[in-house]
Number of protein chains: 2
Amino acid sequence: MKIIVQKFGGTSVRDERGRDFARKHIERALEDGYKVVVVVSAMGRKGEPYATDTLLSLIGGANNYVSKREQDMLMACGEIISSVVFTNLLNKHGIKATAFTGAQAGFRTNDDHTNAKIIEMRCERVLEALHEYDVVVVAGFQGVTENGDITTLGRGGSDTSAAALGAALNAEWVDIFTDVEGVMTADPRIVENARPLDVVTYTEICNMAYQGAKVIHPRAVEIAMQAKVPLRVRSTYSDSLGTLVTSAIRGKKGSDVKERLVTGITYVSNVTQIKVQAKEGHYELQSDVFKAMANEGISVDFINISPHGVVYTVAGEMTEKAVAALRRIGYEPIVTTGCAKVSTVGAGIAGVPGVTAKIVTALSEQGIQILQSADSHTTIWVLVKEEDMKKAVNALHDAFHLSEPSWDEYDINWNEE
Amino acid sequence: MKIIVQKFGGTSVRDERGRDFARKHIERALEDGYKVVVVVSAMGRKGEPYATDTLLSLIGGANNYVSKREQDMLMACGEIISSVVFTNLLNKHGIKATAFTGAQAGFRTNDDHTNAKIIEMRCERVLEALHEYDVVVVAGFQGVTENGDITTLGRGGSDTSAAALGAALNAEWVDIFTDVEGVMTADPRIVENARPLDVVTYTEICNMAYQGAKVIHPRAVEIAMQAKVPLRVRSTYSDSLGTLVTSAIRGKKGSDVKERLVTGITYVSNVTQIKVQAKEGHYELQSDVFKAMANEGISVDFINISPHGVVYTVAGEMTEKAVAALRRIGYEPIVTTGCAKVSTVGAGIAGVPGVTAKIVTALSEQGIQILQSADSHTTIWVLVKEEDMKKAVNALHDAFHLSEPSWDEYDINWNEE
């Protein structure tokens, strides 16, 4: 029995049209001889009655008076409703399908409600059902504790459901259907000649996702990577195969394992830079500052520590809170609001000679000031003013020739293993 | 720990106003020193997004393409959503409450989906929670099979949930809150001086319910009766105690156990009478006719068999189907559409001298023709033309003095045990 997993997001199942497109993808997989495990999200967008946000609004949204345990009970209904509605559609079109809740499909989780982790998959019922049915439709985003409490897996959790089922059922691959064409080299709203990548590695897509590309939940990728289950990020509304996510990229001749230097350019807007200058010999400053941030629950990023003080960034909406916390402990920070973090993401970018030079050159040619920079094994970040952000993303996209489909022509190549 | 169970129907929890009234009933019970287990139905009436019928309409209503197992998954969400919304309201008003699905509250059922029977109550979690919380809100109408499949208990099933919890938790009593004042002597839309009964026996209310009074599900009454848990049928929107349902009615002096002769007058409209006349010696007719009805899945009622043939009734909407079935086997029935069944319901009515005489007299005084009659231990039925129905119900209500609160003045008294 060859199994594939296909995940359809909320926008894919919100109306007849989306569900019809989804059904056709399933029919094609069945024609190709696969059994299909479908994972569905709650139907629709904010404001539609069975969407997650709307269910949550019944108790006044996030500022409610129930425990997270009960919040999960409420939210899980969205996917259960969706799974039955979708099963009804499939059966109506002559496809033998049955629906399972997350609990019934075998998702055992810890009790970290609203953000539960899968601790075990017990998929016997799904496997059994696949002998009788061609399609098993599973309510995504949810599981159950040992105690019988319904849990949810956090935002983007249906991706995680799909990857976990793919891993547990030893699926041939997992299709993640969304409303984009695949993993893009950059946000197409910002970069006109951004294009979908044919293939990326698990590492590349994780890095893209962590740096702001909203394609797939990193947790889902990690599960797929560990189980070596390929993922495909595809559009519900097209026949394109989208982007294949796998462990290594083979060259055109099939023998070379190559990995691109740069996968794509991502960005995060509305970032505030905070500088706190140290008086000479004032070594407690660093710990004072970061303790204050931690006490307020403020995430910090882009940290540069030097004898002259510390520089770091916080999300724009945290600016006031951060400044107040610093003033309370006697520091007067230098604050630059309206910044953007632009990331050049690759699987093994840092330490490769010439990459940083290329980034700096590309930006300075455009007259863009780099406020701050940082790098890791996989990413080089620059902080720029918000008004330079679009120009910066385009400049870097061009500098690394990302609009062109082949990576063989790069100046710098990097071979894995 | 003294526990009471309070069940709120869909109309009671559909809007803020209803939920506020419901909350006040709970607050009063808490002030009186009880822990309260609340059972809720799905919110609202047909057409409102989270009502049972609306959820069902997402798959095209009853003529859908899923199994009853999946239908149950879908419908159960209505009560789960309701339980969390209501818990949120209680907590918001400072009442310590938590929510449970039917499965979590301990309802183990068989797998007769959409009409499951409770086979075991495992209420440990509810009892445990009542040590920490003042109120446990349980999603009514649902349970779970041993296999982990969600079931529903059939229409009116939240009454059954409440009674089963009352029995399992050894509750002091079970309040069934609805939009009527209690168990009425007759439908107040038909009989102007109909009144709520202060007290009725389990047997009386069951008979009333079976004969068309829509106050409480008979299955719920049977469970309460077996466990000897008193029920109260009350209005959400008033402070009245409604009707107490118990095993025996004590007389004013507290020592006599008395039961009324007649509890109330009920009716069922839109009934069709079917007569099939027998040729002499044609003894197969009876079995032919009833086999034909059974094959078509048509419920029959009010059966009179005689050497001259058979007479029976069917629901009005079954008329065409019944006639066609009879013609197919070579019978030409005499059909009277537009009839109504009027029932005089009491706990021990049949065989009591004078009761039938009183009914016949009351109706004939009004010039109402009795098309057919039947009686059981607890009920005397007459079939009349639909246009006589209102007059008939009023005449019988008057004849048995049902608008007067005491039954001591009846001409005929009957003492049980």
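Given the structure is predicted, the values throughout are model-derived calculations rather than measurements.

Novice: Can you help me understand the relation of the copies chain B and chain A in this one?
Specialist: Note on the chain copies: they are related by a rotation about an axis and a translation along it. When chain B is fitted to chain A, the best match, at an RMSD of 0.2 Å, comes from turning it 179° and sliding it 0.0 Å along the axis. The transformation relating the two chain copies, once decomposed into turn and shift, fits a two-fold axis. Within chain B, the C-alpha atom positioned nearest to the axis of rotation is that of cysteine 77 of chain B, 2.9 Å from it.

Novice: How should the interface of chain B and chain A be read in this particular structure?
Specialist: In many analyses, interface size is given as the accessible surface area lost on bringing the parts together. The interface is formed by 35 residues belonging to chain B together with 35 residues belonging to chain A. Across the chain B/chain A interface, buried area totals approximately 2,900 Å², and carbon plus sulfur atoms make up 63% of it. Taken together, chain B and chain A are joined by 2 salt bridges. Counting across the chain B and chain A interface gives 25 residue pairs in polar contact (both at pLDDT 80 or more). It is helix α3 (residues 68–92) of chain B that contributes the most residues to the side of chain B that touches chain A, 14 residues altogether. Looking at the side of chain B that touches chain A residue by residue, the class counts come to 19 nonpolar, 11 polar and 5 charged.

Novice: Would you mind going over the sheet that holds strand β18 (residues 334–345) of chain A with me for this structure?
Specialist: The strands that make up a sheet pair up through hydrogen bonds in the backbone, lying either parallel or antiparallel. All names here are of chain A. Taken in spatial order, the 6 strands of this open sheet run β16-β17-β15-β18-β20-β19, and their pairing is antiparallel. Each edge of the open sheet is held by one strand with a lone partner, namely β16 (301–306) and β19 (372–375). Across the sheet, the mean angle separating the axes of adjacent strands is 25° when strand polarity is ignored. Pairing analysis gives 7 bridges linking strand β15 (residues 264–277) to strand β17 (residues 309–315), with the strands arranged antiparallel. Its bridge partner lying in β17, isoleucine 274 is registered against tyrosine 312. Strands in contact with helix α10 (residues 285–295) are β15, β16 and β17; relative to β17, the strand with the most contacts, it is inclined by about 15°. The sheet strands contacting helix α11 (residues 319–328) are β15, β17 and β18, and the helix crosses β15 at an angle near 25°.

Novice: Can you walk me through the domain arrangement of chain A in this structure?
Specialist: By domain assignment, chain A separates into domain 1 (3–179) and domain 2 (264–400). Centre-to-centre, using C-alpha coordinates, domain 1 of chain A lies 38 Å away from domain 2 of chain A.

Novice: Help me understand the packing of aromatic side chains in this model?
Specialist: Aromatic ring pairs: the centre-centre distance and the angle between the two ring planes describe each pair. All chains considered together, the criterion is met by 11 aromatic pairs over all chains. Between phenylalanine 21 of chain A and tyrosine 237 of chain A the ring centres are 5.2 Å apart and the planes differ by 70°, which places this aromatic pair in the edge-to-face class. Pair noted here: phenylalanine 21 of chain A is in helix α2 (residues 16–31) and tyrosine 237 of chain A is in the loop between β11 (231–235) and β12 (243–246), with a separation of 216 residues, a long-range link. The class of tyrosine 237 of chain A is partly exposed, set by a relative accessible area of 26%. Ring geometry for tyrosine 50 of chain A and tyrosine 50 of chain B: centres 5.7 Å apart, planes at 85°, overall edge-to-face. With tyrosine 50 of chain A in the loop between β2 (35–40) and α3 (52–57) and tyrosine 50 of chain B in the loop between β2 (35–40) and α2 (52–57), this pair bridges two chains. When sorted by exposure, tyrosine 50 of chain A lands in the same class as tyrosine 50 of chain B, which is buried. Among the aromatic side chains, those forming a connected cluster through ring pairs are Phe8, Phe86 and Phe177 of chain A. A cation over an aromatic ring shows up here: lysine 96 of chain A above the ring of tyrosine 133 of chain A, its NZ or CZ 5.5 Å from the ring centre.

Parameters at a glance
Residues numbered from 1 in each chain as written. Chains lettered and ligands numbered in written order. Predicted model: local features only at pLDDT ≥ 70, side-chain atom pairs only at ≥ 80, totals over all residues. Heavy atoms only, no water. Least-squares fit on C-alpha atoms with pLDDT ≥ 70 in both. Contact = heavy atoms within 4.5 Å. Buried area = accessible area lost by both parts, 1.4 Å probe. Salt bridge = Lys/Arg side-chain N within 4 Å of Asp/Glu carboxyl O. Polar contact = N/O pair within 3.5 Å; in protein donor to acceptor, adjacent residues only side chain to side chain. Helix = DSSP H or I, 4+ residues; strand = E, 2+ residues; numbered from the N terminus. Nonpolar A, V, L, I, M, F, W, Y, C, P; charged D, E, K, R; others polar. Pairing = 2+ DSSP bridges. Axes fitted to C-alpha atoms, helices over the stretch in contact; angles between N-to-C directions. Domains from an automatic or database assignment. Phe/Tyr/Trp six-rings, centres within 6.5 Å; stacked < 30°, edge-to-face > 60°. Buried < 20%, exposed > 50% of the residue type's maximum accessible area, 1.4 Å probe, protein only. Lys NZ or Arg CZ within 6 Å of the ring centre and 35° of its normal.

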